[in-house]
Amino acid sequence: QVQLVESGGGLVQAGGSLRLSCAASVRTFSSYAMGWFRQAPGKEREFVAAITRSGGSTRYGDSVKGRFTISRDNAKSTLYLQMNSLKPEDTAVYYCAASTLIWPTAPNQYAYWGQGTQVTVSS
């Protein structure tokens, strides 16, 4: 069983930055590929970023490429999402998720989810 707890969300002005964290309660954090997703009201859950078990490879959704950076610290069992140059359209609830697959990018490929953290970007 994997428990995930996100933190770091909040209200920020357009152009600003936020860093999200996701703390995992699992002894074998490095056994899981990790991802970030987001969901805005009335919209489907959207892929934001994914990172492999070792952290050696990353992948991003088109809407965040060049602005967001996913990283992980396996010694601390923590996942991060650095968000720069934020836009109002980035406003959503952000979720971290864990998968036993190698390169998961779709929500149904992740077995474990956090409760989400709200990010609001004002114009």
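Right above here is the structure, for reference.
Residues numbered from 1 in each chain as written. Predicted model: local features only at pLDDT ≥ 70, side-chain atom pairs only at ≥ 80, totals over all residues. Heavy atoms only, no water.

Enquirer: When you look at the packing of aromatic side chains in this model, what are you seeing that I'm missing?
Expert: Describing an aromatic ring pair means giving the distance of the ring centres and the angle of the ring planes. Enumeration over the complete set of coordinates arrives at 6 aromatic pairs. Seen in terms of ring centroids, Phe37 and Trp113 are 5.1 Å apart; in terms of plane orientation they differ by 55°. Their pairing is tilted. Of this pair, Phe37 sits in strand 4 (residues 33–39) while Trp113 is found in strand 10 (residues 112–113), placing the two residues 76 residues apart along the sequence. You can call Trp113 partly exposed: its relative accessible area is 26%. Centroid distance Tyr95 to Trp113: 6.4 Å. Interplanar angle 80°. Geometry classified as edge-to-face. (Phe/Tyr/Trp six-rings, centres within 6.5 Å; stacked < 30°, edge-to-face > 60°. Helix = DSSP H or I, 4+ residues; strand = E, 2+ residues; numbered from the N terminus. Buried < 20%, exposed > 50% of the residue type's maximum accessible area, 1.4 Å probe, protein only.)

Enquirer: Could you clarify how one ought to interpret the pattern of salt bridges in this entry?
Expert: Pairing of side chains with opposite charge becomes possible as their charged atoms draw close. Throughout the structure, instances matching the rule amount to 4 salt bridges. Among the ionic pairs, Arg38 bridges to Asp90, the shortest N-O distance being 2.8 Å. Taken together, the positions of Arg38 in strand 4 and Asp90 in the loop between strand 8 (78–83) and strand 9 (92–99) put the pair 52 residues apart, joining distant regions of the chain. For Asp90, a relative accessible area of 1% puts it in the buried group. In this structure, Lys65 engages Asp62 in a salt bridge whose closest nitrogen and oxygen atoms are separated by 3.1 Å. Among the ionic contacts, a cluster of salt bridges with common partners joins Arg38, Glu46, Arg67 and Asp90. (Salt bridge = Lys/Arg side-chain N within 4 Å of Asp/Glu carboxyl O.)

Enquirer: Help me out: how do you make sense of the sheet that holds strand 3 (residues 18–25) in this one?
Expert: Backbone hydrogen bonds are what pair the strands of a sheet, in a parallel or an antiparallel way. Here we have 4 strands laid out as an open sheet, ordered 1-3-8-7, and antiparallel in their pairing. What marks the edges here is a single partner per strand, and that holds for strand 1 (3–7) and strand 7 (68–73). In this sheet, adjacent strand axes meet at a mean angle of 15° when their direction is disregarded. Bridge count between strand 1 and strand 3: 5 bridges; the pairing is antiparallel. Its bridge partner being in strand 3, Ser7 is matched across the sheet by Ser21. (Pairing = 2+ DSSP bridges. Axes fitted to C-alpha atoms, helices over the stretch in contact; angles between N-to-C directions.)

Enquirer: Please clarify how the state of the cysteines should be interpreted in this entry.
Expert: Linking two cysteines covalently through their sulfur atoms gives a disulfide. Counted by the stated rule, this structure contains 1 disulfide. In this model Cys22 forms its disulfide with Cys96; the gap between the sulfur atoms is 2.0 Å. Between Cys22 and Cys96, the disulfide has an S-S torsion of 50° and is therefore right-handed. Separated by 74 residues along the polypeptide, Cys22 in strand 3 and Cys96 in strand 9 bring together distant segments of the chain. (Disulfide = S-S within 2.5 Å.)

Enquirer: Can you help me understand the environment of Ser21 in this one?
Expert: Mapped onto the elements of the fold, Ser21 is located in strand 3. With 75 residues separating them in the primary sequence, Ser21 and Cys96 have C-alpha atoms 8.7 Å apart. Setting aside residues no more than four positions away along its own chain, Ser21 makes contact with Val5, Glu6, Ser7, Trp36, Thr78, Leu79 and Tyr80. (Contact = heavy atoms within 4.5 Å.)

Enquirer: Can you help me understand the nonpolar core in this one?
Expert: Taken as a class, soluble globular proteins show a tendency for nonpolar side chains to be buried jointly. With 30 residues, the main nonpolar core has Trp36, Leu79, Leu81, Met83 and Tyr94 as its most contacted residues. Non-local contacts of Met83, meaning those with residues more than four positions away in its chain, are made with Gly16, Ser17, Leu18, Leu20, Arg67, Phe68, Tyr94 and Val119. Among the nonpolar cores identified, the runner-up in size contains 5 residues, and Phe37, Phe47, Ala50 and Tyr110 belong to it. (Core = buried A, V, L, I, M, F, W, Y, C linked by side-chain atoms within 4.5 Å.)

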